[in-house]
Structures are given as structure tokens and as C-alpha cells.
Amino acid sequence: MRNFITVKDIGNLKVAVAEALEIKADRYKYCELGKNKTLMMVFFNSSLRTRLSTQKAALNLGMNVIVLDINQGAWKLETERGVIMDGDKPEHLLEAIPVMGSYCDVIGVRSFARFESKEDDYNEVILNQFIKYSGRPVFSMEAATRHPLQSFADLITIEEHKKKERPKVVLTWAPHPKALPQAVPNSFAEWMNATDYEFVITHPKGYELAPEFTGNAKIEYDQMKAFEGADFIYAKNWSAYSGENYGKVLSMDREWTVSERQMAVTNNAHFMHCLPVRRNMIVTDDVIESPQSLVIPEAANREISATVVLKRIISELK
Ligand code: AN0
Ligand code: CP
């Protein structure tokens, strides 16, 4: 594997999950593989899980790790070509990227949707410049439209906890006070569509995701109906995608907060969320603390998904 950006990059999902479970059983199995190889993690946005789990994954493989937080101590970066740089940004991404590439063997990038231009966000202009100009394999640590390390960890978690071959998995929108990207739900949908699970998406009208991600998933606007018989509830807020409303908060309706009321009609479903989560906006205290909640094991599996991805990338380094 060269880059890890979408579900397609991981190939067969059954093989990937089997590899993940093998690594989970012995996470230091490949501890020699990364000797004298350096991972650089570049963050344009905050992170708790991604920075810790990806660093841990690199350490499992014996790699060295460098972390750069662009907004803390680095020069402010211009990202658009052709700009007369007489403002507050002393450096251009077009120099910064190859320089970063010269100090490492693999680069991880976190660069969220900026909501300034839907076209730029959905064309992944920042991430693609890293792929084009770093000269290194690049993996996404959540880019503008996808969060594949999260989705892979989510898949591992579902495979570990499912009680039937083809569980019913429901992605539900839930309210949040600030505009959030569509990357997590897009990615989750893309990965679920690549399985043979029964997959349903529920959200208020106006929160339709891009069709390239929802694919053939069933869209159900009635949340209670969507939850009926579900085996897994995956909650997430996202801002509007469609048309003029791109990046806007259209609803803060707390009827959509996941509570015991909706969980009661499920098949004793497990509750999932990628974290960070705002309690009593997205999910009630009772549901997130219930024995059916998987949020902690789900986050723990981020170390496993990252170990598989880094292992595959460094195995192919020249
Ligand atoms: C981010 C998001 O919704 O994309 C990161 C989630 C992993 N969440 C927040 O910014 C709160
Ligand atoms: N789930 C996730 O990616 O968390 P962080 O934003 O804390 O990395």
C-alpha cells in the first residue's frame, strides 16, 4: 500500500480485519519492521485519539515519530498558489511539504474541511498536495471528506461484537452546537457499503450526505423507524452538505439526541461514536455509560487500525 485515503486503498476487508485481529493478539509482532524509519504526523486541527493511537502504532512497529502541529509553533502556511504573500503567512505549503518529506519516510496528515469552498474541500486540495509534493507515502488522519483510520477501527469493533453474520447498522445524525465536517459519516458510509451488512442512514431532511458516499444505503428520515431492530447505532453530528447550505447547522433538535427512548426499539443495540462526544447533545449519559456502549473499545481499536496501515505502508517502502 502506498497511500491510505479511502476504503479502496485497504483492499479486501475480510483480509484487513483478519490482519487487525492478528496484530491485536500480538501488537509487537512486527516490532523490527519500522527500525530506522520515521513517521511524521502533521496536524492542521486538534486531536486526542488520532495523535496518541497513531504514535503508539508507530512505536509498536519500532518506528521513530515526529509530530508537527501547524498552529502551534510552525509558520503560518499559505495554501493557494499565485497569492501575493504580503499578509500574515510567511511560508507556502509548496515549500513546506517537500521540506517535511525530506525528514521522514511516511507522512500522516490531519486537515479538516474548512467550509470556505465546497469544491476545495471535496477535491481534498490540502491532502492531495501532500501526495503530490512530499515524495512520501501519505495517509489520512482525517481529511476534508474522509476519516479512514476511524472507519477501519469501527469495522474491527463491529466484527468483534456482532452476533449475526449480517448485522443491522444504523448511522444516525445527532445535534451539535457547532458546524462539523461530513468526513466521519462519509467515511463510515463508504466502509459500511463495502461490507454485506444491512446499512441504514437516518437524519433530518436537509442533512443528506454526498451520494458518492451514501451509495445504495437506505435513507430513513424517521429516526425511531430506522432504529427498529438495529444491532449497532453509530451516532455522529455533521453539518449540511447540500447546495447553499454547505457547512451550515440547520437543526439543533434534541429529539434526535440518542437516548433510552430510541435504544428501546433496537435489538439491544451497541452504541458507537468516534469521540470526542458532547454528552446530552449527541447521546445521553445513560446510553454512553450503558454496558452496550462501545465507545472505549472503539477508540482502543484506533491503535490496531493504525498499526495495520503503517505496517502495510512500511512493508512496501523502497
Ligand atoms: C471532528 C469531526 O466531527 O470531524 C473530529 C471527529 C473525529 N469533531 C470535532 O471537531 C468535534
Ligand atoms: N476519533 C478521533 O479521530 O478523535 P481525535 O479527533 O481526538 O483524534
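Residues numbered from 1 in each chain as written. Chains lettered and ligands numbered in written order. Predicted model: local features only at pLDDT ≥ 70, side-chain atom pairs only at ≥ 80, totals over all residues. Heavy atoms only, no water.

Caption draft 1: Expanded view of the site of ligand 1. Taken together, Phe112, Glu142, His147, Leu180, Pro181, Lys236, Cys274, Leu275 and Pro276 are the residues near ligand 1. Within the side chain of glutamate 142, an N or O atom sits 2.6 Å from an oxygen atom of ligand 1. At 2.7 Å, a side-chain N or O of lysine 236 approaches an oxygen atom of ligand 1. Taken by itself ligand 1 offers 330 Å² of open surface, and the protein chains cover 82% of this. Of all the cavities here, the one that holds ligand 1 is the second largest pocket. Per-class residue counts for the shell around ligand 1 are 6 nonpolar, 1 polar and 2 charged. (Near = heavy atom within 4 Å. Polar contact = N/O pair within 3.5 Å; in protein donor to acceptor, adjacent residues only side chain to side chain. Areas by Shrake-Rupley, 256 points an atom, 1.4 Å probe, with all protein chains shown as cover. 1 Å grid on protein atoms, 1.4 Å probe; cavity = no way out; pocket = protein on both sides within 12 Å on 5 of 7 lines; lining within 4 Å. Sits in = over half its atoms within 2 Å of the grid points. Nonpolar A, V, L, I, M, F, W, Y, C, P; charged D, E, K, R; others polar.)

Caption draft 2: Quick look at the nonpolar core. Membership of the largest hydrophobic core comes to 52 residues, with the highest contact counts inside it found for Phe139, Phe152, Phe199, Val309 and Leu310. No other element matches helix 12 (residues 295-315), which puts 7 residues into this core. For this core, the two domains that each supply at least three residues are domain 1 (7-146 + 302-315) and domain 2 (150-298). When near neighbours in sequence (up to four residues on either side) are disregarded, phenylalanine 152 contacts Ile10, Ala16, Val17, Ala20, Trp191, Ser305, Val308 and Val309. In this structure, Ala226, Ala235, Val258 and Val287 belong to the second largest nonpolar core, which totals 19 residues. (Core = buried A, V, L, I, M, F, W, Y, C linked by side-chain atoms within 4.5 Å. Buried < 20%, exposed > 50% of the residue type's maximum accessible area, 1.4 Å probe, protein only. Helix = DSSP H or I, 4+ residues; strand = E, 2+ residues; numbered from the N terminus. Domains from an automatic or database assignment. Contact = heavy atoms within 4.5 Å.)

Caption draft 3: Representation of the sheet that holds strand 10 (residues 232-236). As summarised here, the arrangement of the 5 strands in space is 9-8-7-10-11, forming an open sheet in which the pairing is parallel. Two strands in the sheet have a free side with no partner beyond their single neighbour: strand 9 (218-219) and strand 11 (270-272). (Pairing = 2+ DSSP bridges.)

Caption draft 4: Region of the structure containing the pattern of salt bridges. Tallying each qualifying case throughout the model produces 17 salt bridges. Where lysine 311 meets glutamate 19, a salt bridge forms, and the shortest distance between an N and an O atom there is 2.9 Å. Of the two residues, lysine 311 is situated in helix 12 and glutamate 19 in helix 1 (residues 13-25); the sequence distance between them amounts to 292 residues. The exposure classification of lysine 311 matches that of glutamate 19, with both residues buried. Across the pair lysine 164 and aspartate 231 runs a salt bridge, and its minimum N-O distance is 2.7 Å. A residue pair is termed long-range when its members are at least 10 positions apart, and lysine 164 in the loop between helix 6 (148-161) and strand 7 (168-173) and aspartate 231 in the loop between helix 9 (223-227) and strand 10 qualify at 67 residues. (Salt bridge = Lys/Arg side-chain N within 4 Å of Asp/Glu carboxyl O.)

Caption draft 5: Spotlight on the site of ligand 2. Around ligand 2 lies a shell formed by Ser47, Leu48, Arg49, Thr50, Arg110, His147, Gln150, Cys274, Leu275 and Arg302. Within the side chain of threonine 50, one N or O atom sits 2.7 Å away from an oxygen atom of ligand 2. At a separation of 2.9 Å, a nitrogen atom of ligand 2 approaches a polar backbone atom of leucine 275. Contact with the protein chains removes 93% of the 250 Å² of surface that ligand 2 exposes when unbound. Assessed atom by atom at 2 Å from the grid points, ligand 2 resides in the second largest pocket. Tallied by class, residues from the shell around ligand 2 come to 3 nonpolar, 4 polar and 3 charged. Domain assignment of the residues forming the shell around ligand 2 places at least three in each of domain 1 (7-146 + 302-315) and domain 2 (150-298).

Caption draft 6: Main features of the side chain of glutamate 78. Within the secondary structure, glutamate 78 is located in strand 3 (residues 77-78). Comment: no salt bridge for buried glutamate 78; closest opposite-charge side chain is lysine 89, at 4.1 Å. For glutamate 78, the side chain forms a polar contact with the main-chain nitrogen of glutamate 80, separated by 3.1 Å. For glutamate 78, the residues in contact, after removing those within four places along its chain, are Val83, Met85, Lys89, Glu91, His92 and Leu93. (Lys, Arg positive; Asp, Glu negative; His and termini not counted.)

Caption draft 7: Representation of the sheet that holds strand 6 (residues 138-140) in the model. Across the sheet, which stays open at both edges, the 4 strands sit in the order 2-1-5-6 with parallel pairing between neighbours. Two strands in the sheet have a free side with no partner beyond their single neighbour: strand 2 (64-69) and strand 6. Ignoring strand direction, the axes of neighbouring strands in this sheet form an average angle of 20°. Of the pairings in the sheet, the one linking strand 1 (residues 38-43) to strand 5 (residues 106-110) comprises 5 bridges and is parallel in character. Along strand 5, the bridge assignment pairs methionine 41 with glycine 108. Running at roughly 175° to strand 1, helix 2 (residues 49-60) makes contact with strand 1, strand 2, strand 5 and strand 6 of the sheet. (Axes fitted to C-alpha atoms, helices over the stretch in contact; angles between N-to-C directions.)

Caption draft 8: Representation of the layout of surface pockets. Taken as a whole, the largest pocket spans an internal volume of roughly 590 Å³. If you trace the largest pocket, you find 26 residues lining it, with Leu77, Thr79, Arg114, Glu116 and Ile126 closest to the centre. Elements that contribute at least two residues to the lining of the largest pocket include exactly strand 3, helix 4 (118-122) and helix 5 (125-133). Its residues assigned to classes, the lining of the largest pocket comprises 10 nonpolar, 6 polar and 10 charged. Estimates place the volume of the second largest pocket at around 440 Å³. The wall of the second largest pocket is formed by 26 residues, among which Arg110, Phe112, Glu142, Leu275 and Pro276 lie closest to the centre. A per-class count over the lining of the second largest pocket returns 11 nonpolar, 9 polar and 6 charged. Per-domain counts for the lining of the second largest pocket show at least three residues from each of domain 1 (7-146 + 302-315) and domain 2 (150-298). (Points joined across faces, edges and corners; volume = space filled by probe spheres on them.)

Nothing here speaks to function; it is all geometry.
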